[in-house]
Amino acid sequence: MSAAVPVPAPPPVDPATAGEMAREAAAWCALHGLVVGDRADPRSATVPGVGLVHAPFSLLPAHLPESIWRQACELATIFNELVDRVSLDGKFLQDSLSKTRQVDDFTSRLLEIHRKMMEINKEENIRLGLHRSDYMLDLETNSLLQIELNTISTSFPGLGSLVSDLHRSLINQYVHLLSLEPKRVPGNAASSKFAEALARAWAEFNVDSAVVMMIVQPEERNMYDQYWLTNHLKESYGITTIRKTLSQVEAEGQVLPDGTLVVDGKKVAVVYYRAGYTPNDYPSEAEWSARLLIEQSCAVKCPSISYHLVGTKKIQQELAKPNVLERFLENKEEIAKLRKCFAGLWSLDDEEIVKTAIEKPELFVLKPQREGGGNNIYGLDLRETLTRLQKEGGDALAAYILMQRIFPKASLAYLVRGGICHEGLVISELGIYGAYLRNKDKVVINEQSGYLMRTKVSSSDEGGVAAGFAVLDSLYLT
Ligand SMILES: N[C@H](CCC(=O)N[C@@H](CS)C(=O)NCCC(=O)O)C(=O)O
Ligand SMILES: [Mg+2]
């Protein structure tokens, strides 16, 4: 029996005032680079500075209890360390993904690169992780539950931190209308902290003429989120970033006998992936050979193939099994803190849970090993897919994991997209960024590096901003 759903309080301003605030806020976005490429302009994903529109945003910050905020922040350094420990256990990664490998070609290709690195005993002395752990606050149990841990191409460190500034500015400007305190919007330094971690990794590589290479998609409407990091690297550290697609790396790259990666004539210190996380990024063998070339080099990979695999949903589900965390972490309190935020996670070998999910599909999410939004399966689709996979039998089930569906509290909010302010019933997802940099046994950085709040209409299953379902939000601590 679910708790009586509380009637959401109306937003603190009337629609007319909200419209006026939205115009001020959209102007603020244009002035501060809180922008994305506009789908309406055919050049917006390929030509910088052309076809921009303000990033979709929530007019006022989402409320979150301060205790939940502190709990989420505290988990960041523990998850950072966990990723690094698990990444070193190649056998655990290969074994855990061995059945998925049989039925999921993309995961199989990643594992093949990982296996080749194990075969040559490839060691990554300098390891850089720029992660985001996503959570929802479950209404029924009032507990913070992890949706997933992203270890590759975590979006919005650049734009997300700007939304906190936007909201603080609006609260100040409309203080007479809103009884809100600007200081309750937590500072958000994701942009500068991620840039600092990239810069520190570059410094550990210790070749002054080397560059940071950002792996990007041929078309990218989220390029300004990426350029914020490029800008910090240049302005604050004098480090040059080059933008290359995987196919350009294949055409222009080589690994010297000493392991140095050279692309377009430039030595590469750090490879920062903002592509390569989805099968769509590997339309031909050229992209796969580029990924392998990069992995074989001594450049710092963010993420390495191992870090990438640790972030798969199958590994998330394996780590949630009893006694598995104990293989990687010693501190009992830290293990307990991680377990406390684990939602229900099952492989489809578990016939009981598959049966329950077919009976009550609304209580579950069916997840393939995919990133980038728009891949998860809900409701009647979930029932049909499970029933079909069961009939097919064999290992087809191993391509998926089942997860408990989390129901956060819905509230009324104003969302602004394309200059238009809409009122909607929304739910939010809190992402906490974590940066981890290690050089052999020296942990150079292990920190919580800001946050991302994404808010979407509660009727929408999927929650991606880039995928067009959610808006960028920030936090108001209550
Ligand atoms: N084009 C790429 C997009 C990269 C991407 O989709 N990243 C995933 C994690 S893998 C992610 O963070 N998704 C949540 C952000 C959202 O809501 O859209 C980029 O930004 O460089
Ligand atoms: Mg993800």
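Quick notes on the rules
Residues numbered from 1 in each chain as written. Chains lettered and ligands numbered in written order. Predicted model: local features only at pLDDT ≥ 70, side-chain atom pairs only at ≥ 80, totals over all residues. Heavy atoms only, no water. Donors = N, O, S within 2.8 Å, 3.2 Å for Na, K, Ca; no water. Buried < 20%, exposed > 50% of the residue type's maximum accessible area, 1.4 Å probe, protein only. Pairing = 2+ DSSP bridges. Helix = DSSP H or I, 4+ residues; strand = E, 2+ residues; numbered from the N terminus. Axes fitted to C-alpha atoms, helices over the stretch in contact; angles between N-to-C directions. Parallel < 35°, antiparallel > 145°, perpendicular 65-115°, else oblique. Left-handed = near helix turned anticlockwise from the far one by under 90°. Contact = heavy atoms within 4.5 Å. Nonpolar A, V, L, I, M, F, W, Y, C, P; charged D, E, K, R; others polar. Core = buried A, V, L, I, M, F, W, Y, C linked by side-chain atoms within 4.5 Å. Domains from an automatic or database assignment. Buried area = accessible area lost by both parts, 1.4 Å probe. Salt bridge = Lys/Arg side-chain N within 4 Å of Asp/Glu carboxyl O. Polar contact = N/O pair within 3.5 Å; in protein donor to acceptor, adjacent residues only side chain to side chain.

Caption draft 1: Highlighting the coordination of the magnesium ion (ligand 2). Each protein donor to the magnesium ion (ligand 2) is listed here as E148 (OE), E148 (OE), N150 (OD1) and E371 (OE); together their distances run 2.0 to 2.7 Å. Donor residues for the magnesium ion (ligand 2), ordered by position in the chain, follow E-x1-N-x220-E. Owing to a relative accessible area of 12%, E148 belongs among the buried residues under this scheme.

Caption draft 2: Expanded view of the pairing of strand β18 (residues 442-457). Bridge analysis of strand β17 (residues 420-439) against β18 gives 13 bridges, and the strand direction is antiparallel. Its bridge partner lying in β18, I427 is registered against K456. Taking the residues between adjacent antiparallel strands as the criterion, β17 and β18 are bridged by two residues, where K440 takes a positive phi near 55°. Pairing between β18 and strand β19 (residues 470-473): four bridges, direction antiparallel. Opposite K456, over in β19, you have A470 as the bridge partner.

Caption draft 3: Representation of the packing of helix α5 (residues 105-119) against helix α10 (residues 285-296) in the model. Taken N-terminus to C-terminus, the directions of α5 and α10 make an angle of 30°; their axes are 10 Å apart at the nearest point. When the axis of α5 is compared with that of α10, the two are roughly parallel. When the axes of α5 and α10 are compared, the crossing they make is right-handed. Listed contacts from α10 to F106, R109, L110, I113, K116 and M117 of α5 are E285, W288, R291, L292, E295 and Q296.

Caption draft 4: Here's a closer look at the packing of helix α14 (residues 351-359) against helix α15 (residues 379-392). One can describe the packing of α14 onto α15 by two numbers: an axis separation of 8 Å at closest approach and a directional angle of 140°. Classified by the angle their axes make, α14 and α15 are oblique. The two elements α14 and α15 meet at a crossing, and its hand is left-handed. Residues V354, A357, I358 and E359 of α14 form the contact with α15, whose participating residues are L382, R383, L386, T387 and Q390. Of the residues belonging to the contact of α14 with α15, the class tally is five nonpolar, two polar and two charged.

Caption draft 5: Quick peek at unusual backbone geometry. The omega angle of the peptide bond from C302 to P303 is 5°, so this bond is cis rather than trans. If you trace the backbone, P303 turns up in the loop between β12 (300-302) and α11 (305-310). Although it is not a glycine, N206 sits at a positive phi angle of roughly 65°. Summarising the element assignment, N206 is placed in the loop between α7 (190-205) and β7 (211-215). Positive phi is not limited to glycine here, since K440 has a value of about 55°.

Caption draft 6: View of the side chain of Q226. Inspection of the secondary structure puts Q226 in helix α8 (residues 223-237). Taking relative accessible area as the criterion, Q226 reaches 1% and is therefore assigned buried. Once you skip the residues sitting within four places of it in the chain, Q226 turns out to touch M214, V216, E220, R243 and R274.

Caption draft 7: View of the nonpolar core. Core analysis: the largest hydrophobic core is formed by 127 residues, its most contacted members being L34, L59, L128 and M213. Top element by residues in this core is helix α2 (residues 66-87). It accounts for 11 residues. Apart from the residues lying within four places of it in its own chain, the contact partners of L128 are A197, L198, A201, V270, V300, K301, C302, P303, Y307, Y436 and L437. Judged by nonpolar contacts, the second largest core, of 16 residues, contains I353, I358, L386 and L397.

Caption draft 8: Local environment of the domain arrangement of the protein chain. Assigned domains within the protein chain: domain 1 (15-343 + 406-477) and domain 2 (344-405). Relative to domain 2, the C-alpha centre of domain 1 lies at a distance of 26 Å. In this assembly, 28 residues from domain 1 lie in contact with 26 residues from domain 2. Both faces considered, domain 1 and domain 2 share a buried interface measuring about 2400 Å² in area, 55% of it formed by carbon and sulfur atoms. Looking only at domain 1, the three residues that lose the most surface to domain 2 are K313, A343 and E462, adding up to 25% of its buried area. Our enumeration of links across domain 1 and domain 2 arrives at four salt bridges. At the junction of domain 1 with domain 2, the criterion picks out 10 residue pairs in polar contact (both at pLDDT 80 or more). Contributing elements (two or more residues each) for the side of domain 1 that touches domain 2: α4 (98-103), α5, β6 (143-150) and α12 (313-319). Element by element, the count of residues in the side of domain 1 that touches domain 2 is highest for β6, at five residues. By residue class, the composition of the side of domain 1 that touches domain 2 is 11 nonpolar, 10 polar and seven charged.

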